[in-house]
Amino acid sequence: MAVYKLKTPISEEEIRKLQVNDVIYISGTVVTARDQAHRRALEYFKEGKPLPVNLEGLAVYHCGPAVKREDDKWVIVSAGPTTSTRMEIFEDEFIEKFKVRVIIGKGGMGPKTTEAMKKYGAVYAAFTGGAGALAAKSIKRLISLEWEDLGIPEALWILEVEDFGPLVIAIDSHGNNIFESVMKQVEANKQKVYEKLGI
Amino acid sequence: MKKPLFKLDEQVYEGVHGELTESILNVKCIRLKPNNMLLTREEKSVITSEKIEDLAVKLLKLAVTELPPDVKNALKRAYEEETSEAGKTQLQAILENVEYAEKTRTPMCQDTGTIIFYIKAGVNAKGLDLFEEALRKATQRATREVPLRPNAVNPFTQKNSGDNTGRFIPFIHWKLVPGETIELTVFPKGGGSENVCTLGMLVPGEGVKGLKRFIVDAVVKAGSKPCPPNIIGVGVGGGADISMKLAKEALLRPLDQPNPDPEIAKLEKEIYEALNTIGIGPMGLGGKITVLGVNIEYAHRHPASYPAAVAFQCWAARRATARINPDGSVEFLTHKPI
Ligand code: SF4
């Protein structure tokens, strides 16, 4: 397990160095995107319309933050990850079209995303589910809020972060997927657990 | 000049007009000393809507920003015992997050849950009729002030009410108990762990064996989804609704309190230890600590059925309880008051 500090924009070369179980901390620009934002971004691409932010080399975060309004500014109170599997239907195309290098979320992603990460050079980094306060702590500034019409959780929150992490590389760009291998192992362990319990 | 103002229980109360108006307005809440004297201003134990609302806002804030001591300790122990590196990073991040949330009084998780209250109401307690309305107001206020994420959506129109209230929400579980005290618990329940709760009508002939398999399968199926390490609440017997209700109530029992029945306590420990060899680990990244505890509650069952429910609680096991005494004073049972 190695620990890396990465700054956006992140190059393909830096990504290829990372292996599953490595830990990274990201500084720079992170953009939140959930189902709706993924769908709209891909529609924009099809129509040839530019996105409000160039995602190349950046990190996309599966997150719908809890926010509050102070005077006329947004304050991000808590910003933990949401379940990533919902984005599995979009993510391979998303990585291909926008060249994002890091997808941050919780719970892992499936074979299509793993394949795209191998092909185009990206990683999936797991952030601790529920650790919303810790995430908010590393957010230095809201750069801009885009697509607000999608609603607070679904909008694009473009954030400047400092040492955002720890992020565990759960899918690397070499086809390894921790969640898949863990669940395979769990299925195997299940028999032993049955035995232990006299089932 | 003092003159008779009103009569209660054959006792005539005297006073100067104006002086007692407040008491008369609150006549429902006036408590009489045994010798039928009116309580003094300080002693007047009026449980008002405002008092309940303030208390509930405090409990909500405490619950979402600070874990009860038993959960904190269990997480610390989990960090010590975890053997996988990835698992350890997760537990460390959780501990840091918990500490930071408490220090800054911000919600430890952005999903501040569906707001659920449990009330153990002494049948002789005053002011019980005020709770429903006061808890609704408290939920709305806490949503603005803490803040909480608005999590109440109409299942037919998909519209979010924006303030965490709606039909039957916040939900209140009432339990009548003897006495005059009222125990109020808030239990904000996150969606991720709720989504993997499961109910089974098992085969009675298989008995406890079937129950054990049902629990293990539920945990394996849930995998990384409920943000492990989890507390597993198990409810058995009664009927479909009763077993799930018991499973949820089991989640309210502190982790350092095994079931008072030694046989059930043994079963809890056995399942807990077995589940921590299954390998899901913190956040499903692999490791030793998949569960922080297993709490079982049961009711007797119908001969033909074996209802069993497994309720999941994520590591963000948020709950806070306070007791309202008959003299109106409040004791916080899970947290230091803020
Ligand atoms: S499961 Fe719990 S810790 Fe995870 S996101 Fe939901 S409420 Fe937060």
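Draft legend 1. Region of the structure containing the overall build of chain B. The secondary structure content of chain B amounts to nine helices and eleven strands. For chain B, buried positions account for 52% of its 338 residues. Summarising the internal contacts of chain B: among those between residues at least 6 apart in sequence, 75% fall at separations of at least 24. For chain B, the exposed surface amounts to about 15,600 Å²; the carbon and sulfur share of it is 55%.

Draft legend 2. Fine view of the pairing of strand E5 (residues 73-78) of chain A. Bridge analysis of strand E4 (residues 66-70) of chain A against E5 of chain A gives five bridges, and the strand direction is antiparallel. In the strand pairing of E5 of chain A, Val67 of chain A is matched with Ile76 of chain A.

Draft legend 3. Just the site of the ligand, in detail. With respect to spatial proximity, the complete set of residues near the ligand consists of Lys106 and Gly130 of chain A together with Cys109, Asp111, Gly190, Gly192, Ser193, Cys227, Cys314, Trp315, Ala316 and Arg318 of chain B. In this structure the ligand sits where residues from chains A and B come together. Spatially, the ligand is embedded in the largest pocket. Of the residues contributing to the shell around the ligand, the split by class is five nonpolar, four polar and three charged. A domain split of the shell around the ligand shows at least three residues from each of domain 2 (46-66 + 108-190 + 317-338) and domain 3 (192-315) of chain B.

Draft legend 4. Quick peek at the nonpolar core. Among the nonpolar cores identified, the biggest contains 98 residues, and Leu55 and Tyr124 of chain A together with Ile232, Leu275, Leu285 and Trp315 of chain B are the most heavily contacted of them. Per-element tally for this core: the top contributor is helix H7 (residues 207-222) of chain B, with eight residues. Apart from residues no more than four positions distant in its own chain, Ile232 of chain B is found in contact with Ile215, Val219, Leu251, Leu275, Val291, Gly293, Val294, Asn295, Val310, Ala311 and Phe312 of chain B. Within the second largest apolar cluster, 32 residues are counted, among which are Ile47, Leu59, Ile115 and Leu128 of chain B.

Draft legend 5. Broad picture of the interface of chain A and chain B. With 41 residues of chain A at the contact, the number on the chain B side is 39 residues. The largest per-residue losses of area from chain A upon contact with chain B belong to Thr128, Leu197 and Ile199 of chain A, which jointly make up 17% of the total buried on that side. At the junction of chain A with chain B, the criterion picks out one salt bridge. We note a salt bridge from Lys190 of chain A to Asp217 of chain B, for which the minimum N-O separation is 3.7 Å. Summed over the shared surface of chain A and chain B, the result is 13 residue pairs in polar contact (both at pLDDT 80 or more). The set of elements that each furnish at least two residues to the side of chain A that touches chain B consists of E4, E5, strand E7 (123-127), helix H5 (132-138), strand E9 (156-171) and helix H6 (178-196) of chain A.

Draft legend 6. Structural detail: the sheet that holds strand E10 (residues 320-324) of chain B. Residue and element names in this part refer to chain B. In space, the five strands of this open sheet follow the order E4-E3-E5-E10-E11, with mixed pairing throughout. For this open sheet the edge positions go to strand E4 (171-177) and strand E11 (330-332), each flanked by a neighbour on one side alone. Going from strand to strand, the sheet's axes swing by 15° on average, the running direction of each strand aside. Relative to E4, strand E3 (residues 116-122) is paired through seven bridges, and the arrangement is parallel. If you follow Lys120 over to E4, its bridge partner there is Lys175.

Draft legend 7. Expanded view of the layout of surface pockets. Estimated volume of the largest pocket: approximately 1,200 Å³. Around the largest pocket, the lining comprises 47 residues; the ones closest to its centre are Arg34 of chain A together with Asp111, Arg149, Pro150 and Asn151 of chain B. Among the secondary structure elements, those contributing two or more residues to the lining of the largest pocket are E4 of chain A together with helix H5 (131-145) and helix H6 (191-194) of chain B. Taken together, the residues that form the lining of the largest pocket break down as 16 nonpolar, 20 polar and eleven charged. Of the voids in this model, the second largest pocket is the one considered here, and its volume is about 590 Å³. Lining the second largest pocket are 19 residues, with Lys120, Glu183, Thr185, Glu249 and Leu252 of chain B sitting closest to its centre. Secondary-structure elements contributing two or more residues to the lining of the second largest pocket are E3, E4, strand E5 (182-186) and helix H8 (240-250) of chain B.

Draft legend 8. Examining the confidence of the model for chain B more closely. All names here are of chain B. When pLDDT is averaged across chain B, the result is 90; 87% of the residues are at 70 or more. In this model, residues 17-44 is a region of pLDDT below 50 whose contacts with residues beyond four sequence positions or in other chains number 34 contacts. Both scores are available for the predicted complex, with the pTM at 0.89 and the ipTM at 0.92.

Draft legend 9. Representation of empty space enclosed by the protein within the structure. All names here are of chain A. For the structure on display, the rule yields five cavities of 30 Å³ or more. A volume near 60 Å³ is recorded for the second largest cavity. Residue lining of the second largest cavity: Val31, Thr32, Ala33, Ala37, Ala41, Leu51, Pro52, Leu55, Val60, Phe94, Trp147 and Leu156, and that is the complete set. Of all the secondary-structure elements, those providing two or more residues to the lining of the second largest cavity are strand E2 (23-32) and helix H2 (35-47). When grouped by side-chain class, the residues that make up the lining of the second largest cavity number eleven nonpolar, one polar and no charged.

Draft legend 10. Summary view of the packing of helix H3 (residues 88-98) of chain A against helix H4 (residues 111-120) of chain A. Residues and elements named next belong to chain A. Packing of H3 against H4 leaves a shortest axis separation of 8 Å and a crossing angle of 10°. It follows that H3 is roughly parallel to H4 by the angle criterion. Between H3, through Glu88, Ile89, Glu91, Asp92, Ile95 and Glu96, and H4, the contact on the second element is made entirely by Pro111, Lys112, Thr113, Ala116, Met117 and Tyr120.

Draft legend 11. Structural detail: unusual backbone geometry. Omega for the peptide link from Gly165 of chain A to Pro166 of chain A comes to 5°, which places this bond in the cis form. Among the secondary structure elements, Pro166 of chain A is positioned in strand E9. Omega for the bond connecting Pro228 of chain B with Pro229 of chain B falls within 30 degrees of zero, at 10°, which places this linkage in the cis form. Position of Pro229 of chain B among the secondary structure elements: in the loop between H7 and strand E7 (230-236). Residue Asp163 of chain A is not a glycine yet carries a positive backbone phi of 50°. Within the secondary structure layout, Asp163 of chain A lies in strand E9. When its relative accessible area of 30% is taken as the criterion, Asp163 of chain A is described as partly exposed.

Analysis parameters
Residues numbered from 1 in each chain as written. Chains lettered and ligands numbered in written order. Predicted model: local features only at pLDDT ≥ 70, side-chain atom pairs only at ≥ 80, totals over all residues. Heavy atoms only, no water. Helix = DSSP H or I, 4+ residues; strand = E, 2+ residues; numbered from the N terminus. Buried < 20%, exposed > 50% of the residue type's maximum accessible area, 1.4 Å probe, protein only. Contact = heavy atoms within 4.5 Å. Areas by Shrake-Rupley, 256 points an atom, 1.4 Å probe, with all protein chains shown as cover. Pairing = 2+ DSSP bridges. Near = heavy atom within 4 Å. 1 Å grid on protein atoms, 1.4 Å probe; cavity = no way out; pocket = protein on both sides within 12 Å on 5 of 7 lines; lining within 4 Å. Sits in = over half its atoms within 2 Å of the grid points. Nonpolar A, V, L, I, M, F, W, Y, C, P; charged D, E, K, R; others polar. Domains from an automatic or database assignment. Core = buried A, V, L, I, M, F, W, Y, C linked by side-chain atoms within 4.5 Å. Buried area = accessible area lost by both parts, 1.4 Å probe. Salt bridge = Lys/Arg side-chain N within 4 Å of Asp/Glu carboxyl O. Polar contact = N/O pair within 3.5 Å; in protein donor to acceptor, adjacent residues only side chain to side chain. Axes fitted to C-alpha atoms, helices over the stretch in contact; angles between N-to-C directions. Points joined across faces, edges and corners; volume = space filled by probe spheres on them. pLDDT = per-residue confidence, 0-100. Parallel < 35°, antiparallel > 145°, perpendicular 65-115°, else oblique.

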